[in-house]
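What the coordinates show
One letter stands for each residue in the lines below.
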Amino acid sequence: MQLIETIEVGSGGAASIEFTSIPQDGVDLVVKFSGRSTNGANRIACTFNSGSFSWIYLLGTGSSASSNSGTNSSYVYTGDSDYTANTFGNTEIYIANYTSATDKSISVDAVNENNATEAIQVIHAVKASMSQSITSLTLSGSANLAQYSTASLYKITAD
Amino acid sequence: MSETPVKVIVDLSQPKGQRESIVPLTAEEIAERDAMAAQAAQDEADRQAAADALQALKDSAKAKLIAGDPLTAEEADTLVI
């Protein structure tokens, strides 16, 4: 696994982190994200240069479990400003065969840290319906990503 | 007046150290972001409502089992045997 780039959000926060011109010499892509929202939202959306999503998830809150499915952007859970100060959520997004011209299989696992009753752990299975390779990837919040939120993009190579 | 939110664009075709730029969101992007916030809030409310309803069914099923009362099919579905 080879690191392509790491980005840390600066002071004032940012609405999104957008990786463009992703190198096309890898087999799989991996995003590792540590984030916290600046308002009460505890998730962000992961989108690509094209494609629509269908997903199913299994989610635990610490006191209950649920599952759901949907067809919009694939969501990634992150830290929440209502949560314990300075806690961040951790997420890994694994995108298989990202340069292929067919649908992509994606898995997402995420947890957020909160020294209180609720802290979410979620596993997503995602199908991205698209007929081109992934050349850009955006992590965007419904609120700002807080300072020190960090996204690292890796590629898995065949050799 | 609040500041315009910004996005971090990372152009990976550029050499390291020259890839990152900070760009204000357009009005369209801000509208998309607001819509996403509304959708996220609705989805979370739906998730919470579903979890609360399931818990209420479980509580009712448990109370009926203890009292020896018949369960509804919905309550019985919450049991793991």
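Throughout, a residue's number is its position along its own chain's written sequence, starting from 1. Key to labels: chains lettered from A, ligands numbered from 1, both in the order written. Under the rules for a predicted model, residues below a pLDDT of 70 receive no local features and side-chain atom pairs below 80 are neither given nor counted, while totals for whole chains, interfaces and linings still include all residues. Side-chain measures were taken over the full set of non-hydrogen atoms in the model, leaving aside hydrogen atoms and water.

Here the focus is the overall build of chain A. The helix and strand inventory of chain A stands at 0 helices and 12 strands. A globule of 159 residues ought to have a C-alpha radius of gyration of about 15 Å, and chain A, at 15 Å, matches this closely. Expressed as lengths along the three principal axes of its C-alpha atoms, the size of chain A is roughly 45 × 35 × 25 Å. Accessibility here uses a 1.4 Å probe with only protein chains present; expressed as a share of the type maximum, an area under 20% marks a residue as buried, one over 50% as exposed, and anything in between as partly exposed. Out of the 159 residues in chain A, the part that is buried amounts to 54%. Accessible surface for chain A amounts to roughly 6,400 Å². Of this, 47% is attributable to carbon and sulfur atoms. The charge count includes Lys and Arg as positive and Asp and Glu as negative, but it does not include His or the ends of the chains. The atom standing in for a charge is NZ when the residue is Lys, CZ when it is Arg, CG when it is Asp and CD when it is Glu. The positive charge centre, built from 6 side chains, and the negative charge centre, built from 13, are 5 Å apart in chain A. Under the DSSP-based scheme used, a helix requires at least four consecutive residues in state H or I and a strand at least two consecutive residues in state E, with every element numbered from the N terminus. We compute the radius of gyration over the C-alpha atoms and compare it with the globule rule, which gives 2.2 Å times the number of residues raised to the power 0.38. Note on areas: Shrake-Rupley, 1.4 Å probe, and residue coverage restricted to the protein chains presented here.

This part is about the overall build of chain B. Counting its regular elements, chain B contains 2 helices and 2 strands. Counting helices and strands in the order they occur from the N terminus, chain B gives β-β-α-α. Taking 2.2 N^0.38 as the reference for a compact globule, 81 residues should give roughly 12 Å; the C-alpha atoms of chain B span a radius of gyration of 25 Å, well beyond that estimate. The principal-axis extent of the C-alpha atoms belonging to chain B is close to 70 × 35 × 15 Å. Considering chain B as a whole, with its 81 residues, one finds that 20% of them fall into the buried category. The contact criterion used is simple: two residues touch if any of their non-hydrogen atoms lie within 4.5 Å. Within chain B, counting contacts between residues at least 6 apart in sequence, those at least 24 apart form 9% of the total. On chain B, roughly 5,700 Å² of surface is accessible, and the fraction owed to carbon and sulfur atoms is 57%. Looking at chain B, you have 8 positive and 16 negative side-chain charges, and the mean spots of the two groups are 8 Å apart.

Looking now at the confidence of the model for chain B. Residue and element names in this part refer to chain B. Across chain B, pLDDT averages 87, with 95% of residues at or above 70. A score from 0 to 100, pLDDT tells how confident the predictor is in each residue. Of all helices and strands in chain B, the one with the weakest mean pLDDT is helix α1 (residues 27-67) (85), whereas strand β1 (residues 6-11) scores best (95). The complex model carries a pTM of 0.83, and its ipTM stands at 0.86.

Turning to the packing of aromatic side chains, a few remarks are in order. Working definition: an aromatic ring pair is given by the centre-to-centre distance plus the angle between the planes. Residue and element names in this part refer to chain A. Paired rings are identified among Phe, Tyr and Trp, the last through its six-membered ring, by centres lying within 6.5 Å, and are further divided according to the angle between planes into stacked (under 30 degrees), edge-to-face (over 60) and tilted (the rest). Tallying each qualifying case throughout the model produces 2 aromatic pairs over all chains. The interplanar angle of 45° and the centroid separation of 5.6 Å between the aromatic rings of Phe48 and Phe53 together place this pair among those described as tilted. Of the two residues examined, Phe48 and Phe53, each falls in the buried class. When the ring of Trp55 is compared with that of Tyr57, the centres are 5.4 Å apart and the planes differ by 5°; the resulting orientation is stacked. Neither Trp55 nor Tyr57 differs from the other in exposure class; each is buried.

Every contact between the two is made by 22 residues of chain B and, on the other side, 32 residues of chain A. Here the quantity called buried area is the accessible surface, traced with a 1.4 Å probe, that two parts lose on coming together, added over both. Both sides of the chain B and chain A interface together cover about 2,100 Å² of buried area, and 51% of this is carbon and sulfur. Contact with chain A buries area across many residues of chain B, yet Leu12, Met36 and Arg47 of chain B alone supply 30% of it, more than any other trio. Put simply, a salt bridge is a Lys or Arg side-chain nitrogen that is within 4 Å of an Asp or Glu carboxyl oxygen. Between chain B and chain A we count 3 salt bridges in total. Its salt-bridge partner being Glu5 of chain A, residue Arg19 of chain B comes within 3.1 Å of it at the nearest N-O pair. Definition of a polar contact: a pair of N or O atoms within 3.5 Å, with one able to donate and the other able to accept a hydrogen when the atoms are protein atoms, and with sequence-neighbouring residues admitted only if both atoms are side-chain atoms. Applying the counting criterion to the chain B and chain A interface returns 12 residue pairs in polar contact (both at pLDDT 80 or more). Looking at the side of chain B that touches chain A, the elements that each hand over two or more residues are β1 and α1 of chain B.

Residue and element names in this part refer to chain B. Within the element layout of this structure, Lys64 appears in helix α1. The spacing of Lys64 and Glu75 is 11 residues in sequence and 9.4 Å in space, taken between C-alpha atoms. Lys64 has contacts with Asp69, Pro70, Leu71, Thr72 and Glu75, leaving out every residue within four places of it along the chain.

A few words now on the pairing of strand β9 (residues 104-112) of chain A. Residue and element names in this part refer to chain A. In β9, alternate side chains face the same way, and those of Lys104, Ile106, Val108, Ala110 and Asn112 are buried while those of Ser105, Ser107, Asp109 and Val111 on the opposite face are not. Here strand β8 (residues 89-95) runs beside β9; their pairing, made up of 7 bridges, is antiparallel. By the bridge assignment, Glu92 is partnered in β9 with Asp109. Sheet analysis places β9 next to strand β10 (residues 121-129), joined by 8 bridges and oriented antiparallel. For Asp109, the partnering residue across the bridge sits in β10 and is Ile123. In this analysis, strands are considered paired if DSSP registers two or more bridges between them.

Before going further, it helps to spend a moment on the pattern of salt bridges. This structure, assessed with the given rule, holds 8 salt bridges over all chains. When the shortest N-O distance is used, the salt bridge between Lys16 of chain B and Glu5 of chain A registers 3.5 Å. Of this pair, Lys16 of chain B sits in the loop between β1 and β2 (20-24) while Glu5 of chain A sits in strand β1 (residues 2-8), which puts the two residues in different chains. The closest approach of N and O atoms between Lys32 of chain A and Glu92 of chain A, which form a salt bridge, is 2.3 Å. Placement of Lys32 of chain A in strand β3 (residues 28-35) and of Glu92 of chain A in strand β8 is noted, with a sequence separation of 60 residues between them.

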